[in-house]
There are 2 protein chains.
Amino acid sequence: MKLQILGCYSATPRAFTNPTAQVLEIKGHLFLIDCGEGTQVQLRRQKIKFSRIKHIFISHLHGDHFFGLPGLLSTFRLLGRETEIHIYGPKGIKQAVTTMLKVGQAWTNYPLLFHELSAVESELIMEDDKVEVHTIPLKHRVYTNGFLFKEKIGERKLDIDAVLNLNIDTCYYRNIKKGKDVVLESGEQIANERLTLDPPPPKSYAFCSDTAYSEQVIPLIENVDLLYHESTFLEQHHDMALQTGHSTAKQAATIAEKAKVDTLILGHYSTRYKDLELFRSEAQLVFDKVELAEDGKEFVI
Amino acid sequence: MKLQILGCYSATPRAFTNPTAQVLEIKGHLFLIDCGEGTQVQLRRQKIKFSRIKHIFISHLHGDHFFGLPGLLSTFRLLGRETEIHIYGPKGIKQAVTTMLKVGQAWTNYPLLFHELSAVESELIMEDDKVEVHTIPLKHRVYTNGFLFKEKIGERKLDIDAVLNLNIDTCYYRNIKKGKDVVLESGEQIANERLTLDPPPPKSYAFCSDTAYSEQVIPLIENVDLLYHESTFLEQHHDMALQTGHSTAKQAATIAEKAKVDTLILGHYSTRYKDLELFRSEAQLVFDKVELAEDGKEFVI
């Protein structure tokens with residue numbers, strides 16, 4: 001599982017910062033999470049193949065989280081894309097994005113499938129045999145969801161030494177990995193646990209932006225390996241965070257600590273702060289394993 | 001008069017190029033011409049004060065010419081803008097842009113005035129006591145206008161030596177600059193030409209992008225000081241230019257030569273070409289004073 005930060009700053013632009021966008025590589029998928037203005041250029045800079053993206057998750061409809069979408073969809077078309085793309089985002093996203101494309105007769109020639117969200121409880125919005133994605137309802141000025149990405153438990157791993165020792169025919173391997181026992185020609189039944197090892201523990205990533213401090217997310221993100229939680233402000237601007245529906249670094253760390261996550265990544269920094277290390281040190285008063293998102297940075301689990 | 005190129009590449013993004021956007025400083029105005037994705041960041045990089053922009057001219061509704069508009073308008077709001085902004089662009093621009101803002105409840109708190117264009121003949125779309133702006137109908141795949149920016153002839157300049165020699169009272173200066181004669185106490189009438197010098201010749205800039213080769217623009221842009229004419233392709237891809245409603249460098253130069261402009265600026269390069277000097281050398285076979293647009297470059301007249 002690999003997370004690439006394309007942009008991690010809040011709305012007000014500076015000369016060399018980018019608004020929110022991330023790419024999560026998980027079990028062969030390449031998921032784009034949020035798509036602020038300039039995301040397509042950031043994808044180029046990070047040398048990410050556009051054609052590998054098939055699912056885009058948009059947290060909410062503030063510009064710094066989705067204004068890059070019409071441009072990216074237009075570019076897909078210019079590049080001759082034919083495979084479908086799924087977009088998950090709040091109700092209204094389809095109308096806004098398609099109006100931008102239609103007005104310039106920039107029709108897509110690939111299937112563009114919108115999955116509009118409006119539930120206020122967490123829901124499963126995407127699933128295949130390897131991954132599932134749930135919404136994490138957040139508390140912001142407009143309807144907003146975070147997203148929980150969970151690997152499914154994989155097949156059991158063949159214990160090569162054990163199957164060779166027991167002279168088990170390779171035609172059984174497939175079923176063994178699926179958890180089945182084996183009956184030898186002698187009639188002896190071999191329990192699956194003797195032939196396999198546990199699969200690697202499934203990994204999980206929770207994306208929580210934008211949000212005010214909200215303990216309601218805790219049961220949804222408990223024990224995740226990686227939590228991105230916005231920290232637009234430092235505690236010195238606690239009131240401003242409250243007013244604007246954002247969090248401080250300390251609040252993000254409190255959520256991480258209460259949810260017993262492994263690692264916390266901070267981001268969505270207000271551009272008023274010059275030294276990002278202040279976010280880390282404030283958060284570390286509450287929670288130890290704190291990382292700072294930075295445009296272009298990668299996190300590998 | 002100063003022209004700043006914020007972006008001058010065609011639609012397909014690369015890691016370090018920007019789509020079309022320019023800022024024209026003329027008689028105290030700061031006009032934004034086209035607004036591709038990322039324009040607000042380019043404005044920051046060029047250290048242009050957002051509050052000085054009051055008029056935005058959009059040539060057509062392909063994404064690489066207007067997808068930066070919702071983000072810029074949102075930022076105006078974040079920065080506490082109160083003064084009005086005028087947007088001139090094809091019919092449909094209002095619906096597309098306001099839908100993007102409304103869906104995220106990102107209302108503007110400053111007057112946002114759209115002037116939608118649909119005329120097929122050149123028209124005067126903006127005028128004050130110093131400048132006038134006319135459309136230049138272009139020939140592209142969708143409804144497209146270039147823009148002609150013309151300074152008005154200024155007041156005559158006072159010939160200080162002459163007025164001092166004749167002991168003319170300062171209270172007459174205002175009228176003299178407006179072209180009036182003066183009657184001395186002696187009764188003698190002094191013709192205005194003896195007291196003033198010609199005002200500096202008014203400057204003009206024509207922006208022509210995107211367009212196929214079209215001689216219909218020539219009478220509209222004759223003798224301008226500066227012509228920006230798109231050259232998406234080189235002659236080797238002449239057929240592609242024809243197919244897509246774009247021009248080659250040679251075609252742009254031919255228009256410049258026939259319209260007897262002073263200087264031609266090329267731009268809107270396809271990202272397939274690595275060496276921009278090829279555009280200059282192709283154009284110079286037809287027209288001598290050729291400049292190459294580059295992101296961040298300034299042209300001063």
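In this numbering scheme, every chain counts its residues from 1 along its sequence in written order. By the order in which they are written, chains take letters starting at A while ligands take numbers starting at 1. Selection of residues for local features in this predicted model requires a pLDDT of at least 70, selection of side-chain atom pairs for listing and counting requires 80 or more, and totals for whole chains, interfaces and linings are taken over all residues. Side-chain metrics rest on all non-hydrogen atoms present in the structure, leaving aside hydrogens and water.

Student: Just give me the short version of the interface of chain B and chain A, but keep the residues and values in it.
Tutor: Note on contacts: a residue pair qualifies if any of its non-hydrogen atoms lie within 4.5 Å across the two residues. Listed per partner, the contact involves 38 residues of chain B and 38 residues of chain A. When two parts are put together, the accessible area they lose, computed with a 1.4 Å probe and summed over both, is reported as buried area. When chain B packs against chain A, close to 3000 Å² is buried across both sides, 68% of that on carbon and sulfur atoms. Its largest share of buried area at the contact with chain A, chain B owes to Glu37, Phe67 and Met100 of chain B, together 23% of the area lost on that side. Salt bridge, as used here, is a side-chain nitrogen of Lys or Arg placed within 4 Å of a carboxyl oxygen of Asp or Glu. Summed over the shared surface of chain B and chain A, the number is 0 salt bridges. Any pair of N or O atoms that falls within 3.5 Å is considered a polar contact. Within protein, one atom must be able to donate a hydrogen and the other to accept it, and sequence-neighbouring residues count only if both atoms are side-chain atoms. The interface formed by chain B and chain A includes 8 residue pairs in polar contact (both at pLDDT 80 or more). Numbering of helices and strands starts at the N terminus; helices are DSSP runs of H or I of at least 4 residues and strands are runs of E of at least 2. Those elements that provide at least two residues to the side of chain B that touches chain A are helix 1 (39-45), helix 3 (69-78) and helix 4 (93-102) of chain B. Taken together, the residues of the side of chain B that touches chain A sort by class into 18 nonpolar, 14 polar and 6 charged. The classification used treats Ala, Val, Leu, Ile, Met, Phe, Trp, Tyr, Cys and Pro as nonpolar, Asp, Glu, Lys and Arg as charged, and all other residues, Gly among them, as polar.

Student: Account for the domain arrangement of chain A, naming residues and giving values.
Tutor: Taken domain by domain, chain A comprises domain 1 (2-154 + 200-300) and domain 2 (157-197). Domains are outlined according to an automatic or database domain assignment. The distance between the C-alpha centroids of domain 1 of chain A and domain 2 of chain A comes to 43 Å.

Student: An account of the environment of Ile255 of chain B is needed here, citing residue identities and associated values.
Tutor: Residue and element names in this part refer to chain B. Relative to the helices and strands, Ile255 is located in helix 10 (residues 249-258). Assessed through its relative accessible area of 0%, Ile255 is described here as buried. Excluding residues within four positions of it along the chain, Ile255 makes contact with Tyr213, Ser214, Glu215, Val217, Ile218, Ile221, Leu227 and His229. Burial classification: accessible surface area is computed with a 1.4 Å probe over protein chains only, and a residue below 20% of its type maximum counts as buried, one above 50% as exposed, and the rest as partly exposed.

Student: Can you lay out empty space enclosed by the protein for me, pointing to particular residues and giving the numbers?
Tutor: All names here are of chain B. A pocket, in this scheme, is an open set of points on a 1 Å grid over the protein atoms alone with protein on both sides within 12 Å along at least 5 of 7 lines, while a cavity is a set where a 1.4 Å probe fits but cannot get out; residues line either one if an atom lies within 4 Å of a point. Grid points are joined across faces, edges and corners, and a volume is the space filled by probe spheres set on the points. This structure, assessed with the given rule, holds 1 cavity of 30 Å³ or more. Of the volumes computed, that of the largest cavity is approximately 30 Å³. Taken together, Leu6, Gly7, Asn18, Pro19, Ala21, Glu37, Gly38, Thr39 and Gln42 make up the lining of the largest cavity. Of all the secondary structure elements, the ones that give two or more residues to the lining of the largest cavity are strand 1 (2-7) and helix 1. Partitioned by chemical class, the residues of the lining of the largest cavity number 3 nonpolar, 5 polar and 1 charged.

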